[in-house]
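Tertiary structure, described
One letter stands for each residue in the lines below.
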Amino acid sequence: MNRLRRFFRTPEAIAGALILTLLVAMALAAPLLFPGDPQAIAGPALLPPFQDWSLPLGTDRLGRDVLAELFHGARTSLAVGLAAAAAALLIGAVVGTLAGFAGGLVDEVLMRVTDAFQTVPSFLLALAFVSIVGPSLGVVVVAIALGAWTGPARLARAEVLSIRERDYVAGARVIGMHPIAIAFREVLPNALPPVLALSSVIVAAAILTEAALSFLGLGDPNRVTWGGMIAEGRTVLRTAPFLSIAPGVALVLTVLGVYLAGEGVVESTAVRRSLS
Amino acid sequence: MTVLAVSNLAKHYRRGDKTFAAVDGVSFEIGPAETLALAGPSGSGKSTIARLVLRLIEPDAGRIDFEGHDFLALSGAALRARRAKLQMVFQDPLAAFNPRASVARVLDDPLRIHNIASRAERPDRIAALLERVGLDANLAASPIHEISGGQRQRVAIARAIATKPSLIVLDEAVAALDVSVRGQILELLLDLQREERISYLFISHDLGVIRAIAHRIAILDAGRIVETGDARAIIADPQSAIGKALVAATPKLVRSSQETL
Ligand SMILES: Nc1ncnc2c1ncn2[C@@H]1O[C@H](COP(=O)(O)OP(=O)(O)O)[C@@H](O)[C@H]1O
Ligand SMILES: [Mg+2]
């Protein structure tokens, strides 16, 4: 309760929470409010917004319902963003823990690999991966995670390096606990809080990367995505700018919301203090 | 038969670009149900010896025989299994446990790892261990950070005796406790030694505490044992300069050991 009150202390956190709530509500409500295929033709092409109340935001170049597309796009953005961030945090935490706890050659090899991944711009990595494997939701998630796990890995490793010198780790060895159990049961959970503080930034970046991939036509073709909508709208940018602006605004607000809410959580749990 | 025999143990560390001996040719023996105290000023190598004996760090030279077998020859699963018999209690009982653990989990770990009791039996074993160290069995559910320092040190002792060890290394185990709690913990240790015939390697800089619990003492200075023998005799009449200094730094030694307890 106390923590919740602390979270809602700043206007930024409140704004972030509101935007996120709206986004999640949109994602959850999409199949209820707009059942059926959002990519199906719903009316005349290029119907401007606020003209026909059965199609409040009008239609796109092919006559698809823009509002339905926005709702279903929220679903994709959120699913990909959360899944990719979760995968990146998981890979990063495991790699960082192994490197920091094992030390020596294992650490050396794992950190070289981390360096290699960090040197390649993450968007190029995602682009290359999707181009080779082919676009689908799962592949996009993996592609984004591939470029995002190095930050969590470095942070987890640094945290593990300090934790492994503590008495309780020596205590776990003295009672005969297996090193793998010590690393993942005793050390990792205590190394996690500062790593988790990265999640809002990673989710926000993942949502942007997904949009960029879709914009380049490398998103899942069976899904409506905001990036894909912007790409579609671009062809009629002069005559119907709203088709690009609507998903663009949705994207910006989402990334902002995720970021602000994440900052709020970090501030309220004071993980920030242990970070410095 | 000796429980622990250490001979010519050495451990070197780097300081700047020179190496120095934190432990320098140390030898001692501990018999069954015997307490050997290691005393010495801060930095004399006491904790390093404790960590070497427990195989938390590896020596540069020397030999450690535990219950008649070469302890340094063990590795991997064989070493982990052997650890059941050689336990430790740390100075800071808060740092000694995973900050997220409950009392029950802290005591469950050794029972599970060494297959001492089945999952169904373990809650009863945990309750019995808590009662053995003078704690309420209901404490099991408490998070480790919510109980008092004295209770925590009792939990540490319960964890150490869970695997029926023959030797417990105690590194400044009562140094962080209030005087009254300290006396109770020393009583508990003496009681456990009488009943379970456990040997102690008892590290302390406090000669009052050592006189209350130890049979023999070894006084360390700069990684070497400078004086060793009967604890009371040496504390009453130390020969080495470091021994004299330690006695001079312990004013309450004039009181009887009963009062110290
Ligand atoms: N890991 C280490 N690296 C370098 N020096 C160490 C390390 N551990 C202990 N030392 C040094 O070894 C000496 C003995 O330390 P220690 O055994 O902790 O002494 P004590 O427990 O008697 O106070 C000290 O000078 C200490 O600084
Ligand atoms: Mg010490």
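If you're wondering where the values come from, they're calculated on a predicted model, not measured in any experiment. (Residues numbered from 1 in each chain as written. Chains lettered and ligands numbered in written order. Predicted model: local features only at pLDDT ≥ 70, side-chain atom pairs only at ≥ 80, totals over all residues. Heavy atoms only, no water.)

**Things to note about the overall build of chain B**
From N to C terminus, chain B includes 10 helices and 10 strands. Taking 18 Å as the expected radius of gyration for a compact globule of 261 residues, we find that chain B reaches 18 Å, a close match to that expectation. Oriented by its inertia axes, the alpha-carbon framework of chain B measures out at about 55 × 45 × 40 Å. Burial analysis of chain B (261 residues in total) assigns 53% to the buried set. The contacts in chain B between residues at least 6 apart in sequence include a share of 66% that link residues at least 24 apart. When the accessible surface of chain B is summed, it comes to about 11,400 Å², and 50% of that surface belongs to carbon and sulfur atoms. (Helix = DSSP H or I, 4+ residues; strand = E, 2+ residues; numbered from the N terminus. Rg over C-alpha atoms; globule rule 2.2 N^0.38 Å. Buried < 20%, exposed > 50% of the residue type's maximum accessible area, 1.4 Å probe, protein only. Contact = heavy atoms within 4.5 Å. Areas by Shrake-Rupley, 256 points an atom, 1.4 Å probe, with all protein chains shown as cover.)

**Focus: helix H5 (residues 149-161) of chain B**
Residue and element names in this part refer to chain B. If you check H5, its first and last C-alpha atoms are 19 Å apart, about what 13 residues at 1.5 Å a residue would give, namely 18 Å. Burial within H5 is extensive, with 11 of its 13 residues counted as buried. Of the residues making up H5, those classed as buried are Gly150, Arg152, Gln153, Arg154, Val155, Ala156, Ile157, Ala158, Arg159, Ala160 and Ile161. (Expected span 1.5 Å × (residues − 1).)

**Comments concerning the site of ligand 1**
Residue and element names in this part refer to chain B. What surrounds ligand 1 is the set Tyr13, Arg15, Phe20, Ala22, Pro41, Ser42, Gly43, Ser44, Gly45, Lys46, Ser47 and Thr48. Arg15 is positioned such that a nitrogen or oxygen atom in its side chain is 3.0 Å from an oxygen atom of ligand 1. The side chain of Ser47 places a nitrogen or oxygen atom 2.8 Å from an oxygen atom of ligand 1. Within the complex, the protein chains bury 61% of what would otherwise be the 570 Å² of accessible surface of ligand 1. Every element with two or more residues in the shell around ligand 1 is listed here: strand S1 (4-15), strand S2 (18-30) and helix H1 (46-53). Among the elements that make up the shell around ligand 1, the one with the highest residue count is H1 (three residues). The residue inventory of the shell around ligand 1, partitioned by class, reads four nonpolar, six polar and two charged. (Near = heavy atom within 4 Å. Polar contact = N/O pair within 3.5 Å; in protein donor to acceptor, adjacent residues only side chain to side chain. Nonpolar A, V, L, I, M, F, W, Y, C, P; charged D, E, K, R; others polar.)

**A few points about the side chain of Thr254(A)**
All names here are of chain A. Position of Thr254 among the secondary structure elements: in helix H12 (residues 242-269). Separated by 2.7 Å, the side chain of Thr254 and the backbone oxygen of Ala250 make a polar contact. Excluding its chain neighbours within four sequence positions, the residues that come into contact with Thr254 are Ile19, Leu23, Ile207 and Trp226.

**Here we look at the domain arrangement of chain B**
Residue and element names in this part refer to chain B. As assigned here, chain B comprises domain 1 (4-85 + 165-260) and domain 2 (95-164). Computed from C-alpha atoms alone, the centre-to-centre distance between domain 1 and domain 2 is 25 Å. Taken together, the contacts link 19 residues of domain 1 with 12 residues of domain 2. Interface area lost by domain 1 to domain 2 is led by Pro165, Leu188 and Leu192, which between them contribute 34%. On inspection of domain 1 and its partner domain 2, the count reaches three salt bridges. (Domains from an automatic or database assignment. Buried area = accessible area lost by both parts, 1.4 Å probe. Salt bridge = Lys/Arg side-chain N within 4 Å of Asp/Glu carboxyl O.)

**Considering the environment of Thr254(A)**
The class for Thr254(A) is buried, based on a relative accessible area of 3%. Sequence separation between Thr254(A) and Leu20(A) is 234 residues, and the spatial gap between their C-alpha atoms is 7.0 Å.

**Here we look at the interface of chain A and chain B**
Every contact between the two is made by 17 residues of chain A and, on the other side, 22 residues of chain B. Both faces considered, chain A and chain B share a buried interface measuring about 1,800 Å² in area, 52% of it formed by carbon and sulfur atoms. Looking at the side of chain A facing chain B, the largest losses of area belong to Asp167(A), Val174(A) and Ile175(A), adding up to 37% of the total buried there. Its salt-bridge partner being Glu186(A), residue Arg105(B) comes within 2.4 Å of it at the nearest N-O pair. On the surface where chain A and chain B come into contact, there are 12 residue pairs in polar contact (both at pLDDT 80 or more). Elements with a minimum of two residues in the side of chain A that touches chain B: helix H8 (167-174) and helix H9 (179-196) of chain A. A total of seven residues in the side of chain A that touches chain B trace back to one element, the largest contributor, which is H8(A). Per-class residue counts for the side of chain A that touches chain B are nine nonpolar, four polar and four charged.

**Quick notes on the nonpolar core**
Grouped together as the largest cluster of nonpolar side chains are 51 residues, with contacts concentrated most on Val155(B), Ile157(B), Leu189(B) and Ile217(B). There are two domains that each give this core at least three residues, and those are domain 1 (4-85 + 165-260) and domain 2 (95-164) of chain B. Once residues lying within four places of it in the same chain are set aside, the contact partners of Ile217(B) are Leu36(B), Ala37(B), Ala39(B), Leu207(B), Ile210(B), Glu227(B), Thr228(B), Gly229(B), Asp230(B), Ala231(B), Ile234(B) and Ile235(B). Counting 40 residues, the second largest nonpolar core, distinct from the first, contains Leu70(A), Ala88(A), Val203(A) and Trp226(A). (Core = buried A, V, L, I, M, F, W, Y, C linked by side-chain atoms within 4.5 Å.)

**A few points about the confidence of the model for chain B**
Residues and elements named next belong to chain B. Taken as a whole, chain B shows an average pLDDT of 94; of its residues, 96% reach a score of 70 or greater. With pLDDT under 50 throughout, residues 256-261 is counted as low confidence; its partners more than four residues away or in other chains account for 10 contacts. Overall fold confidence (pTM) sits at 0.84, and the ipTM for the predicted complex is 0.92. (pLDDT = per-residue confidence, 0-100.)

**A short note on helix H5 (residues 122-133) of chain A**
Residues and elements named next belong to chain A. With 12 residues, H5 extends 16 Å from end C-alpha to end C-alpha; this agrees with the ideal 16 Å at 1.5 Å per step. Within the sequence span of H5, burial applies to Leu125, Ala126, Leu127 and Val130. Along its buried surface, H5 packs onto helix H4 (104-119), helix H6 (137-148) and helix H10 (199-215). Immediately downstream of H5, the backbone of Gly134 shows phi near 100°, a positive value.

**Details of unusual backbone geometry**
Residues other than glycine seldom take positive phi values, yet Phe50(A) does so here, at roughly 60°. Its location among the elements puts Phe50(A) in the loop between helix H2 (11-33) and helix H3 (66-102). A relative accessible area of 54% places Phe50(A) in the exposed class. With phi around 50°, Lys164(B) is a residue other than glycine that occupies positive phi space. Structurally, Lys164(B) is set in the loop between H5 and strand S7 (167-171). Judged by relative accessible area, which is 57%, Lys164(B) ranks as exposed.

**Points about the sheet that holds strand S4 (residues 61-66) of chain B**
All names here are of chain B. If you walk across this open sheet you meet the four strands as S2-S1-S4-S5, and the pairing is antiparallel. Whereas interior strands pair on both sides, the edge strands pair on one side only; in this sheet they are S2 and strand S5 (69-70). Across two bridges, the pairing between S4 and S5 is antiparallel. Among the inter-strand pairings, Asp65 is bridged to a residue of S5, identified as Asp70. Packed on one face of the sheet, H1 meets S1, S2 and S4 and runs near 65° to S2. (Pairing = 2+ DSSP bridges. Axes fitted to C-alpha atoms, helices over the stretch in contact; angles between N-to-C directions.)

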